[in-house]
Amino acid sequence: MTAFTESVVEQAALAWLESVGWQVRNGSEIAPGEPAAERDDYGQVVLAQRLRDALARLNPALPAEALDDAFRKLTRPEGVDLIVRNRALHRLLVDGVTVEYRDADGSIRGAQARVIDFDDSARNDWLAVNQFSVVENKHTRRPDVVLCVNGLPLAVLELKNAAAENATIWSAFQQLQTYQAEVPALFAPNALLAVSDGVEARVGTLGAGREWFKPWRTVAGDALASAHMPELQVVIEGLCAPRRLLDLLRDFIVFEDDGGRIVKKMAGYHQFHAVQVAVGETLRAAELQRAAVSVAEPESWGRYEAGRKPGGKPGDMRVGVVWHTQGSGKSLTMAFYAGRIIREPAMENPTLVVLTDRNDLDDQLFATFSRCRDLLRQPPVQAESRAHLRELLSVAAGGVVFTTIHKFFPEEKGDRHPTLSDRHNIVVIADEAHRSQYDFVDGYARHMRDALPHASFIGFTGTPIEAQDANTRAVFGDYISVYDIQRAVQDGATVPIYYESRLAKLALNEAERPQIDSGFEEATEGEEVERKEKLKTKWAQLE
């Protein structure tokens, strides 16, 4: 019988990576000093020639001078702290590198040099390297698997042997913390960290604590992966596959910055796929594109699904409802959706209206979006009054507008709200969708549609819609993504809720007892005797 060792886990990981489209090389083959060396020394963490080749391939119109400028900025990121350098490089990867060069007539020109082709994954260089040794500040470390895209180390996988007594995913997690402290240069471009012992696997981001390393439970996104499928295989096929890794890098990583500490966050699997489905459903609802719908079988141990059914018919302006239980990151899911739909070319620079029914929720959600402004590519704006809301929505394109639903009410009861825009590329994002967006006669639903007659509506809620609730479906459509509390508890996204039945002891003030009968007779004067007895029985019960 073959012993179960760490190298077995590593070889399995490399085989799965190769099956989804990665080239695989042993770190010793491309190490400095070897015939096929791709680094000059162990202090280099970027595979320089691969990066230069990618820059030339993706930017054929730029001269060598501009490409050298881009290479220099990518390999020498600015910032004292690792998280600051990581944020700066993330923006370069997503937005491109601003470069300058001198053209034929001697004038200085500026351009954006692309680092990664996000539209065609095949135009990028995908290399998985095992045992990738790095030396920095007299520390030598050798991560198990490093994933390089166009020569840049974007992911690190640390693996342990589940059969070893003290080797767990959390010892692998601690190993990553040591690497970040001792060889930080390796992590400056990093987008994804993963740990596994061959049985369990968790994924997280640079700087994330243990509690934020979460499982990735699905491959295609429509349903949970089989319980018999190794979790590491699910991570590799469901997240590290080239197309999905590019999506994660561009649309599902955010650096929350409140002016002080920077916190890096990535989407969980339920957020990642909910947004993907919601974008397709938005295009369907706005009749900008027909979205394909996948079908999956429901799971019996906690409900998760995405894209099992459409929110409605093409052009009906009902995107659907995203039900993600409380504590599972619903606000961040909304921010990821906003950023992704803003970037969608078919939407042609949409206007987003983020709707709540309470001022405190409006403030909280606005604060979340403000911290994610890089993702939105524009600062959100909070409507201060009805007049300000009308001003913000009377624009030709663009904008992320926050408002409470009450600002859509006309000045006089019974009046019709004036039309503010008849564009089709307006999306209303309603938080807690089932509470107040009803009444098509003279309520908020009517006034919103008078103001924005061709807007599409998507609802986000932390509590399920009642089976007999036809109103929510009439306004928003059906579920397009479900992540219930049982599933969230199993994933560690939220804590379990326990209910304890208690009986409260109630007693009457003795001084009031003599007045009860006379008070009852006075209150029921004129009632029939039979009616009095029924009332006496009802009011005598203590609840």
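Rules used in this analysis
The numbers attached to residues start from 1 for each chain and follow its sequence in the written order. Residue-level local features of this predicted model are given only where pLDDT is at least 70; pairs of side-chain atoms are given and counted only at 80 or more, and the full residue set underlies all totals for whole chains, interfaces and linings. With hydrogens and water set aside, each side-chain value is computed from the structure's full complement of heavy atoms. Numbering of helices and strands starts at the N terminus; helices are DSSP runs of H or I of at least 4 residues and strands are runs of E of at least 2. Contacts are residue-level and defined by heavy atoms, with any inter-residue pair within 4.5 Å sufficient. Burial classes: relative accessible area under 20% of the type maximum marks a residue as buried, over 50% as exposed, and values in between as partly exposed (1.4 Å probe, protein chains only). Two strands make a pair as long as DSSP finds a minimum of two bridges between them. The set of buried Ala, Val, Leu, Ile, Met, Phe, Trp, Tyr and Cys residues whose side-chain atoms join them within 4.5 Å is what this entry labels a nonpolar core. One number per residue, pLDDT, summarises how confident the predictor is, and it ranges from 0 to 100. Working convention: axes come from line fits to C-alpha atoms, limited for helices to the stretch in contact. Angles between N-to-C directions cover 0 to 180 degrees. Planes of paired rings set the category: under 30 degrees apart is stacked, over 60 is edge-to-face and the rest tilted, where pairs are Phe, Tyr or Trp rings (Trp by its six-membered ring) whose centres lie within 6.5 Å. For a ring to carry a charge above it, either NZ of a lysine or CZ of an arginine must fall within 6 Å of the ring centroid while also lying within 35 degrees of the normal to the ring plane. Here roughly perpendicular refers to angles of 65 to 115 degrees, roughly parallel to angles under 35, roughly antiparallel to angles over 145, and oblique to all remaining angles. In this scheme the handedness of a crossing depends on how the near helix is turned from the far one: anticlockwise by less than a right angle means left-handed, clockwise means right-handed. In this classification, Asp, Glu, Lys and Arg are treated as charged, Ala, Val, Leu, Ile, Met, Phe, Trp, Tyr, Cys and Pro as nonpolar, and every other residue, Gly included, as polar. Every helix has an expected span of 1.5 Å times one less than the residues it contains. One speaks of a salt bridge when a side-chain nitrogen belonging to Lys or Arg is within 4 Å of a carboxyl oxygen belonging to Asp or Glu. In the analysis that follows, any N or O atom pair within 3.5 Å is treated as a polar contact, provided that within protein one partner can donate a hydrogen and the other can accept it, and provided that, for residues neighboring in sequence, both atoms belong to side chains.

Engineer: I keep staring at the overall build of the protein chain and nothing clicks. Help me out?
Structural biologist: Assigned secondary structure in the protein chain consists of 17 helices and 20 strands. In the protein chain, once contacts between residues fewer than 6 apart in sequence are set aside, the share between residues at least 24 apart is 69%.

Engineer: When you look at the pairing of strand S18 (residues 426-431) in this model, what are you seeing that I'm missing?
Structural biologist: Within a regular beta strand, the side chains point alternately toward one face of the sheet and then the other, so they alternate between its two faces. With six of its six residues buried, S18 lies for the most part within the structure. Of the two faces of S18, the one holding Ile 426, Val 428 and Ala 430 and the one holding Val 427, Ile 429 and Asp 431 are both buried throughout. Bridge count for strand S15 (residues 351-356) against S18 is five bridges, and the pairing is parallel. Looking across to S18, one finds that Val 354 is bridged to Ile 429. With five bridges connecting them, S18 and strand S19 (residues 456-461) associate as parallel partners. Bridge pairing in S19 links Val 428 to Phe 457.

Engineer: Any chance you could explain helix H7 (residues 242-251) here in plain terms?
Structural biologist: Each α-helix winds once per 3.6 residues, and so residues spaced three or four apart point in a common direction. Of all ten residues in H7, eight are buried, a share of seventy percent or more. Within the span of H7, buried status applies to Pro 242, Leu 245, Leu 246, Asp 247, Leu 248, Leu 249, Arg 250 and Asp 251.

Engineer: Before we go on, may I ask you to explain the nonpolar core in this structure?
Structural biologist: The nonpolar side chains of soluble globular proteins are, as a tendency, buried together. Membership of the largest hydrophobic core comes to 122 residues, with the highest contact counts inside it found for Tyr 337, Phe 369, Ile 429 and Ile 458. In terms of residue count, the dominant contributor to this core is helix H8 (residues 269-285) (nine residues). Those residues in contact with Ile 458 that sit more than four places away from it in its chain are Ala 278, Val 319, Gly 320, Val 322, Tyr 337, Val 427, Val 428, Ile 429, Ala 430, Phe 476 and Ile 480.

Engineer: Hey, could you run me through the confidence of the model for the protein chain in this one?
Structural biologist: Do not read the fine detail of predicted coordinates wherever pLDDT is low. Mean pLDDT over the protein chain works out to 86, with 86% of the residues at or above the 70 mark. Taken element by element, the protein chain is modelled with least confidence in strand S13 (residues 304-306), mean pLDDT 68, and with most confidence in strand S7 (residues 145-149), mean pLDDT 98.

Engineer: Explain the sheet that holds strand S8 (residues 152-159) to me, please; I cannot follow it from the model alone.
Structural biologist: Strand pairing in a sheet is mediated by backbone hydrogen bonds. Such pairs are either parallel or antiparallel. Strands sit in the order S1-S4-S7-S8-S9-S10 across an open sheet of six strands; the sheet is mixed. Every other strand in the sheet has two partners, leaving strand S1 (23-26) and strand S10 (201-204) as the edge strands with one partner each. Taken pair by pair, the neighbouring strands of this sheet meet at an average axis angle of 20 degrees, ignoring direction. Across the face of the sheet, helix H6 (residues 231-238) comes into contact with S8, strand S9 (192-196) and S10 while running at roughly 40 degrees to S10.

Engineer: Explanation requested: unusual backbone geometry in the structure shown.
Structural biologist: Trans peptide bonds make up the majority, and among non-glycine residues the majority have a negative phi. A positive phi angle, near 70 degrees, is found at Met 317, a position not held by glycine. Mapping Met 317 onto the fold places it in the loop between S13 and strand S14 (318-324). Even without a glycine there, the phi angle at Arg 377 is positive, about 65 degrees. Within the fold, Arg 377 resides in the loop between helix H11 (373-376) and strand S16 (381-382).

Engineer: Honestly, the packing of aromatic side chains in this entry has me stumped. Any pointers?
Structural biologist: Each aromatic ring pair is characterised by the separation of its centres together with the angle its planes make. Evaluation of the coordinates by the stated rule reveals 13 aromatic pairs. Ring geometry for Phe 173 and Phe 213: centres 5.0 Å apart, planes at 80 degrees, overall edge-to-face. Pair noted here: Phe 173 is in helix H5 (residues 169-182) and Phe 213 is in the loop between S10 and H6, with a separation of 40 residues, a long-range link. The pair formed by Phe 173 and Phe 213 is uniform in burial state, with each residue classed as buried. Among the aromatic residues, those joined into a cluster by ring pairs are Trp 216, Phe 252, Tyr 269, Phe 272, Phe 336 and Tyr 483. Residue placement shows Arg 39 over the ring face of Phe 132; its charged tip is 4.0 Å from the ring centre. Note that Arg 449 overlies the ring of Phe 457, its terminal NZ or CZ placed 3.9 Å from the centroid.

Engineer: I would appreciate a short explanation of the packing of helix H9 (residues 330-343) against helix H10 (residues 359-371) in the present structure.
Structural biologist: Here H9 crosses H10 at 50 degrees, and the two axes come no closer than 10 Å. By the criterion of interaxial angle, the relationship of H9 to H10 is oblique. Taken as a pair, H9 and H10 cross one another with a handedness that is right-handed. Across from Ser 331, Met 334, Ala 335 and Ala 338 in H9, the residues of H10 making contact are Leu 365, Thr 368 and Phe 369. A class-by-class count of the residues in the contact of H9 with H10 yields five nonpolar, two polar and no charged.

Engineer: Got a minute to help me understand H10 in this structure?
Structural biologist: Spanning 13 residues, H10 covers 18 Å between terminal C-alpha atoms, matching the ideal 18 Å at 1.5 Å per step. Within H10 the residues assigned to the buried category are Leu 361, Asp 362, Leu 365, Phe 366, Thr 368, Phe 369 and Ser 370.

Engineer: So what exactly am I meant to see when it comes to the pattern of salt bridges here?
Structural biologist: A side chain with one charge can pair with a side chain of the opposite charge if their charged atoms come near. Within this structure, the stated rule accounts for 29 salt bridges. For Asp 68, the salt bridge is made with Arg 52, and the minimal N-O distance between the two is 3.0 Å. With a gap of 16 residues between them, Asp 68 in helix H3 (residues 64-75) and Arg 52 in helix H2 (residues 48-58) connect regions that are remote in the sequence. Residue Glu 432 is joined to Lys 330 by a salt bridge in which the shortest nitrogen-to-oxygen separation is 3.5 Å.

Engineer: Whenever I open this one, the environment of Ile 262 confuses me. Can you help?
Structural biologist: For Ile 262, the location among the structural elements is in strand S12 (residues 262-266). Here the alpha-carbon distance between Ile 262 and Arg 87, two residues 175 residues apart in the chain, equals 8.9 Å. Here Ile 262 is in contact with Ile 83, Val 84, Arg 87, Phe 255, Glu 256 and Asp 257, once residues within four sequence places are set aside.

Engineer: Explain the environment of Ile 169 here, please?
Structural biologist: Mapped onto the elements, Ile 169 comes out in helix H5. The spacing of Ile 169 and Glu 200 is 31 residues in sequence and 7.0 Å in space, taken between C-alpha atoms. Sequence-distant contacts of Ile 169, defined by excluding residues within four places in its chain, comprise Val 195, Ser 196, Asp 197, Glu 200, Ala 201 and Arg 202.

Engineer: Quick question: what am I supposed to make of the environment of Thr 403 here?
Structural biologist: Relative to the elements of secondary structure, Thr 403 occurs in strand S17 (residues 400-404). Sequence-wise, Thr 403 and His 388 are 15 residues apart; in three dimensions their C-alpha atoms are separated by 9.9 Å. Other than its neighbours up to four places away in sequence, Thr 403 contacts Val 353, Val 354, Leu 355, Thr 356, Asp 362, Ala 383, Leu 389 and Phe 408.

Engineer: Got a minute to help me understand the side chain of Glu 281 in this structure?
Structural biologist: Take Glu 281: it is sitting in helix H8. In this structure Glu 281 comes out as buried when scored by relative accessible area, which is 3%. Within polar-contact distance, the side chain of Glu 281 engages the side chain of Arg 284 at 2.6 Å.

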